[in-house]
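Each chain, letter by letter, is given below.
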Amino acid sequence: MQQSFLEYVLQNLQQKGVPILAYTFVLPSKRSGTFLKNYISQNLDKTVFSPQILSIEDFVTQLSGLNKISNVDALLSLYKVYKQCKVKEHDDFDTFLKWGQTLLQDFNEIDRYLIPSKDILNYLSAVKELNHWSLQQEKSDLVQNYLALWGLLSELYDAFTTQLLEHEKGYQGLIYRKAADHIESGIDPFRNTRIVFVGFNALNTAEIRIIQHYLGHPGNHIYWDIDSYFLEDPVHDAGLFIRNYKKNWPYYQNRSLEGLHQSFLQTRNINITGVPKSISQAQYVGNLLKRVQNGSEDGIQNTALVLADESLLVPILQSIPAEVAQVNITMGLPLNKTVLYTFFLSFLDLQLNRSERGWYFEELLAFFSNPYCRTLSATEEVDVCSRIGNDIKKENKLYLRPQDIQHYRDQSNLVPILFPNAPLPAKDWISLCLQLVQHLKEDAQVQHKTLELEYLYRFYGLFNQLQQQLAETDIPIPLKSVKSFFKQLAALETTDFIGEPLSGPQIMGMLESRNLDFETVIITSVNEGILPSGKSNNSFFPFDIKREFGLPTYKEKDAIYTYHFYRLIQRAKNVYILYNTEPDVLEGGEKSRLVAQLLTDNNLSGYITHTIASPEVSIAAKDPVNIEKSDKLLQDIEAFAQNGFSPTSLTNFIRNPMDFYKKNLLKVYDTEEVEESIAANTFGTIIHDSLEALYRPFLDKVLQKEYMKSIQNRIPEVVQTNFAKTLPGVDIKKGRYLLVYSVIQKYLQNYVSMETKVLQKHEVKLLALEEKYESIMHIPGIDFPVKLKGTLDRVDLFDGAIRIVDYKTGRVSAGQVKIKNWEDLITNYDKSKAFQLLCYAYLYHKKYNTDNIVAGLFSFKNLSLGFLPFSARDTLITQETLRTFEGHLHQLIKDICDPEVPFMEKEV
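Cut-offs used in this document
- Residues numbered from 1 in each chain as written.
- Predicted model: local features only at pLDDT ≥ 70, side-chain atom pairs only at ≥ 80, totals over all residues.
- Heavy atoms only, no water.
- Helix = DSSP H or I, 4+ residues; strand = E, 2+ residues; numbered from the N terminus.
- Rg over C-alpha atoms; globule rule 2.2 N^0.38 Å.
- Buried < 20%, exposed > 50% of the residue type's maximum accessible area, 1.4 Å probe, protein only.
- Contact = heavy atoms within 4.5 Å.
- Lys, Arg positive; Asp, Glu negative; His and termini not counted.
- Charge placed at Lys NZ, Arg CZ, Asp CG, Glu CD.
- Core = buried A, V, L, I, M, F, W, Y, C linked by side-chain atoms within 4.5 Å.
- Pairing = 2+ DSSP bridges.
- Axes fitted to C-alpha atoms, helices over the stretch in contact; angles between N-to-C directions.
- Salt bridge = Lys/Arg side-chain N within 4 Å of Asp/Glu carboxyl O.
- Arc of directions from axis to C-beta.
- Patch = residues over 30% accessible without salt bridge, like charges linked within 9 Å, V, L, I, M, F, W, Y side chains within 5 Å.
- Areas by Shrake-Rupley, 256 points an atom, 1.4 Å probe, with all protein chains shown as cover.
- Phe/Tyr/Trp six-rings, centres within 6.5 Å; stacked < 30°, edge-to-face > 60°.
- Lys NZ or Arg CZ within 6 Å of the ring centre and 35° of its normal.
- Parallel < 35°, antiparallel > 145°, perpendicular 65-115°, else oblique.
- Left-handed = near helix turned anticlockwise from the far one by under 90°.
- Nonpolar A, V, L, I, M, F, W, Y, C, P; charged D, E, K, R; others polar.
- Polar contact = N/O pair within 3.5 Å; in protein donor to acceptor, adjacent residues only side chain to side chain.

A. Representation of the overall build of the protein chain in the model. Tallying secondary structure elements over the protein chain gives 34 helices and 26 strands in all. The C-alpha radius of gyration of the protein chain comes to 39 Å, more than 25% above the 29 Å expected for a compact globule of 908 residues. Considered along the principal axes of its C-alpha atoms, the protein chain spans approximately 120 × 70 × 60 Å. Expressed as a percentage of its 908 residues, the buried residues of the protein chain come to 50%. Partitioning the contacts of the protein chain with sequence separation of at least 6, the portion at a separation of at least 24 is 78%. Computed over 95 positive and 109 negative side-chain charges, the inter-centroid distance for the protein chain is 4 Å.

B. How the structure looks around the nonpolar core. By size, the foremost hydrophobic cluster in this structure holds 152 residues, and its most contacted members are Phe-343, Phe-344, Phe-419, Trp-429, Phe-463, Tyr-695 and Phe-723. For this core, the element with the most residues is helix α21 (residues 426-447), which contributes 10 residues. Trp-429 has contacts with Phe-344, Phe-347, Leu-348, Gln-351, Leu-424, Phe-463, Leu-479 and Val-482, leaving out every residue within four places of it along the chain.

C. Broad picture of the pairing of strand β10 (residues 303-307). Burial of β10 is extensive: five of the five residues sit out of reach of the surface. Neither face of β10 is left uncovered, since the one carrying Thr-303, Leu-305 and Leu-307 and the one carrying Ala-304 and Val-306 both have all their residues buried. Direction of pairing for β10 relative to strand β17 (residues 520-524): parallel, over a ladder of five bridges. Paired with Leu-307 across the strands is Thr-524, a residue of β17.

D. Spatial organisation of the sheet that holds β10. Pairing within the open sheet is parallel, and its seven strands lie in the order β11-β16-β10-β17-β18-β9-β19. Of all strands in the sheet, those with a lone pairing partner are β11 (328-329) and β19 (608-612), marking the two edges. On top of the sheet, helix α25 (residues 554-569) reaches β10, β17 and β18 (574-580); it is set at about 150° to β17, its chief contact.

E. Structural context of the pattern of salt bridges. Counted according to the given criterion, the structure contains 29 salt bridges. For Lys-725, the salt bridge goes to Asp-689, with nearest N and O atoms at 3.4 Å. Of this pair, Lys-725 sits in helix α31 (residues 705-726) while Asp-689 sits in helix α30 (residues 680-695), and the two are 36 residues apart along the sequence. Looking at Lys-725, the relative accessible area reads 57%, which means it is exposed. Here Lys-787 and Glu-774 are joined by a salt bridge, their closest N and O atoms 3.8 Å apart. With Lys-787 in strand β22 (residues 786-798) and Glu-774 in strand β21 (residues 764-777), this residue pair connects regions lying 13 residues apart in the sequence. Overlapping salt bridges bring together Asp-225, Asp-517, Arg-567 and Arg-571 as one network.

F. Examining helix α16 (residues 361-368) more closely. For α16, the set of buried residues is Phe-361, Leu-364, Leu-365, Phe-367 and Phe-368. One side of α16 holds all its buried residues, which, seen down the axis, span an arc of 160°. Close packing links the buried residues of α16 with α15 (339-352), β13 (359-360), α17 (371-378), α18 (384-394), β14 (399-400) and α20 (415-418).

G. A nonpolar patch on the surface, seen in detail. On the surface, a cluster of nonpolar side chains totalling about 200 Å² of accessible area is made up of Leu-21, Leu-44 and Val-48. By the element assignment, Leu-21 lies in the loop between α1 (5-15) and β1 (24-27).

H. Up close: the sheet that holds strand β2 (residues 52-55). Sheet architecture is open: four strands sit in the order β2-β1-β5-β6, paired in parallel fashion. Of all the strands in the sheet, just β2 and β6 (221-223) have a single pairing partner and so form its edges. Here the strands of the sheet are splayed against their neighbours by 20° on average, with no regard to which way each runs. Inspection of the sheet shows strand β5 (residues 195-198) paired to β6 by three bridges, in the parallel sense.

I. The packing of aromatic side chains, seen in detail. Taken as a whole and assessed by the stated rule, the structure comprises 68 aromatic pairs. When the centroid spacing of 5.1 Å and the interplanar angle of 65° are considered together, the rings of Phe-343 and Phe-344 count as edge-to-face. Neither residue differs from the other here; Phe-343 and Phe-344 are each classed as buried. An angle of 35° between the planes, with centres 6.3 Å apart, marks the rings of Phe-459 and Phe-463 as tilted. Residue Phe-459 and its partner Phe-463 are located together in helix α22 (residues 450-472), separated by four residues, close to a single helical turn. Taken individually, Phe-459 and Phe-463 each receive the classification buried, so the pair is uniform in this respect. Each member of the aromatic cluster is reached from another via a ring pair, and the members are Tyr-341, Phe-343, Phe-344, Phe-347, Phe-367, Phe-368, Tyr-372, Phe-419, Trp-429, Phe-459, Phe-463 and Phe-486. Its guanidinium or amino end placed over the ring of Tyr-695, Arg-794 lies 5.2 Å from that ring's centre, counting from NZ or CZ.

J. Spatial organisation of the packing of helix α33 (residues 832-848) against helix α34 (residues 879-897). Contact geometry for α33 and α34: axes closest at 10 Å, N-to-C directions at 110°. Judged by the angle between their axes, α33 and α34 are roughly perpendicular. Handedness of the α33/α34 crossing: left-handed. When α33 is examined against α34, the residues Phe-835, Leu-838, Cys-839, Ala-841, Tyr-842, His-845 and Lys-846 are found in contact with a partner set consisting of Thr-881, Leu-882, Phe-885, Glu-886, Leu-889, His-890 and Leu-892. When the residues that make up the contact of α33 with α34 are grouped by side-chain class, the tally is nine nonpolar, three polar and two charged.

K. Structural detail: the environment of Val-285. Summarising the element assignment, Val-285 is placed in helix α13 (residues 278-295). Along the sequence, Val-285 and Pro-334 sit 49 residues apart, while their C-alpha atoms lie 21 Å from each other. When near neighbours in sequence (up to four residues on either side) are disregarded, Val-285 contacts Leu-305, Ile-316, Ile-522, Thr-524 and Leu-578.

L. Spotlight on helix α19 (residues 402-409). Every buried residue of α19 is accounted for by Asp-404, Ile-405, Tyr-408 and Arg-409. Buried residues of α19 fall within an arc of 155° about the axis and therefore sit on the same side. For α19, the secondary structure elements touched by its buried residues are β13, α18, β14 and α20.

M. Examining unusual backbone geometry more closely. A cis amide bond, omega 0°, links Leu-531 with the succeeding residue Pro-532. Tracing the sequence through the fold places Pro-532 in the loop between β17 and α24 (543-549). For Asp-799, which is not a glycine, the phi torsion comes out positive at approximately 55°. Topologically, Asp-799 is positioned in the loop between β22 and β23 (801-808). Judged by its relative accessible area of 45%, Asp-799 is partly exposed. One non-glycine residue, Asn-852, lies in positive phi territory at about 55°. Judged by its relative accessible area of 41%, Asn-852 is partly exposed.

N. Structural detail: the environment of Arg-112. By the element assignment, Arg-112 lies in helix α5 (residues 93-112). Judged by relative accessible area, which is 18%, Arg-112 ranks as buried. In this structure, the C-alpha to C-alpha distance between Arg-112 and Ala-378, residues 266 residues apart in sequence, is 53 Å. Setting aside residues no more than four positions away along its own chain, Arg-112 makes contact with Gln-172, Gly-173, Tyr-176, Asn-204, Thr-205 and Ala-206.

O. Spotlight on the side chain of Asn-664. By secondary structure assignment, the location of Asn-664 is in helix α29 (residues 657-665). On the basis of relative accessibility, which here comes to 12%, the residue Asn-664 falls in the buried class. Polar contacts involving the side chain of Asn-664 include one to the side chain of Asn-652, which spans 3.1 Å. Among all residues touching Asn-664, those that are not within four sequence positions of it are Phe-640, Ser-649, Asn-652 and Asp-659.

P. Broad picture of the packing of α25 against helix α26 (residues 593-600). Closest axis-to-axis distance for the α25/α26 pair is 11 Å, and the angle between their directions is 50°. With respect to α26, the axis of α25 lies oblique. The interaxial crossing formed by α25 with α26 has right-handed handedness. Contacts between α25 and α26 involve Asp-558, Thr-562, Phe-565, Tyr-566 and Ile-569 on the former and, on the latter, Arg-593, Leu-594, Gln-597 and Leu-598. Looking at the contact of α25 with α26 residue by residue, the class counts come to five nonpolar, two polar and two charged.

Next comes the structure, spelled out in structure tokens:
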């Protein structure tokens, strides 16, 4: 591999006779300082004290004499100052958080670029005034308050910065402004120090002023890591900033740039690969690392894996092949990417979303499904979380009320922590979180879960930090606002990985690669919106104000990413660039313009290969599943047959033999779920049970008009009772269930009204309601008796003829209960309603030896069609009809029981 940039800097200094150990080195990051120290040590033949190596941020902080304030402390201080400003109506803290963070970032930019705060903030206020001009002389209170806030920004800035400086504190921008002021006023702790600035690119105004000040002192140096290919191209963004420094800095009037090199056009391999989706990229990287490991003499030692999208860290770690024995992860895993974070966030949402009705079932079940909740519950004598979850499903509770929780309080010490009696203030929620951390820690120690202990330690520190900040402020902070703080802190805090920083492949973010060179470089997620990040403008300053006052816009930010991208690959021998071929909002846009630039650069055409990685997809015809009937399965079929085939189980077989196999033989049912909107079978159950309860008092009686009035009056009460029986815990006075309750009432009222009209011309006598029937059959070819069983919704005498009635809450047409071809009865599921009616008629006939039966149904969704009778050639079911049906029924059951006929899947 060719010489790295840092090695070049040290060699060049030595050639000039510079005593390296007596100098202070200032670099863009602490990480590059680690590598610089390693290169210095390689050139030594004895043990010495290391020269001072500082990141630019540490260097400027020492110049300023201020202590950096945390983001949360800065927001609290800003809010205190804002409350003291003279405004008619102050925003509450929660509303302030929505704009306070953006304002803080703008203050930071103003200071880093040394812009007079009054000038730019008053300019912004005037722009806002112009945007809300009106012909009316008087403005509304809303507009007046809005404009008053913009007018106060300059005053707010002055008061805020004054308060911070009194306590010798500052946010990053204020620290930079103060350092620049100190330089100008002669306060310089590095006055007698010789300094080398190494590897900078995009400098803010404060940094430019500070660096130029020290370059004015003899003996100080600055090195730029820039290839002449970019510097000499007047439009290439990779050289944008350094071209400007060379042109405008007095230092370069009689000097040339140090660090300029010609590496980019040297022979190299650049592989650009499009990979669908982020997880596929992670898997592709795993295979790539294995190839690099096996294909290089040095293995994978001098390799960098740069994640443009740092959220890929976890899937990348899971994809690293076993052949790669050691990796160094320079980036920490943010706490907000851990499962423990989702646990505490879910616990917080549980408290925030608690309503007068209690806790909503979906939030509870989501919380209970978290692995950490299950871990906590498993440590108790009673697994209370599972028990509460099962009870919610069993009783169909949409809300768990505080009084419902009382039942579980004595069963577990966990319940009072998870479900406090009253809504929590912020400090109490934090105390409960610390208790939960303690419980989880005890379990992790027993189970020797070292990574879990590290996560818990970080969250323990985070909650202590939150607790301390809330204790030190006199501002009442609601729990809702603590959520914003918690999310911010979890995004900033990281779990650091322990590794050897100078060995093995390096996994890092784009900014951590500054000043570092590698033989092999792999860059992921090179898509628009990620690299470069695009036009995200989280600022109150519009584009034109930024240009007017010299603040960076998205154009400058794009140029920064362009520099880092090209600097990273300019010395690498092997470059692998991956981009997502299936872009979306969350995973970036199309392939980056940086990729397009490389592909269209004629000077690189001989070095680049561009491929799309996609799995081989072959569409094979799906063979239907066949289940051969083993001896055990035949025993199950025999047991089922002797227990009894129902019409529903037989129509399951007609629809698809696999449905019968799974549901009726294996007893595989759908998972029990809470019914937020009522399921079709539950809807049907309530209607069937309500009709039985309404008509049962008139069993064995001829229905009279006055009976129907009594039935009509009892409908609301009966439906309410059956709702409570079928769906305990639901509230039918509001929401979706009120609508369902009203629909069921309407269905029943319409049915009773229709029957009342029928009684004017016909006589109807009730014989049976929801009565169970069964019949034993001896089928030729089957050496065991077979039972047929079923429940008839209603049997009556209709003008002296036996009539069997089935209720259907779904939509049924007249064609579904008519038979033209008897074979359709046992092969076509569309005729399942006709099949069920014949089963009921057959069972009734077997019990009472009755012929000439009418069997039909009422469809509540098209009740206007009235009674829909079964018909073949005639609506009357005769002995001949039943004999024909019996033959087809026997054939169907023989197919089920035949050991030679497998259960074969049907296309449904």
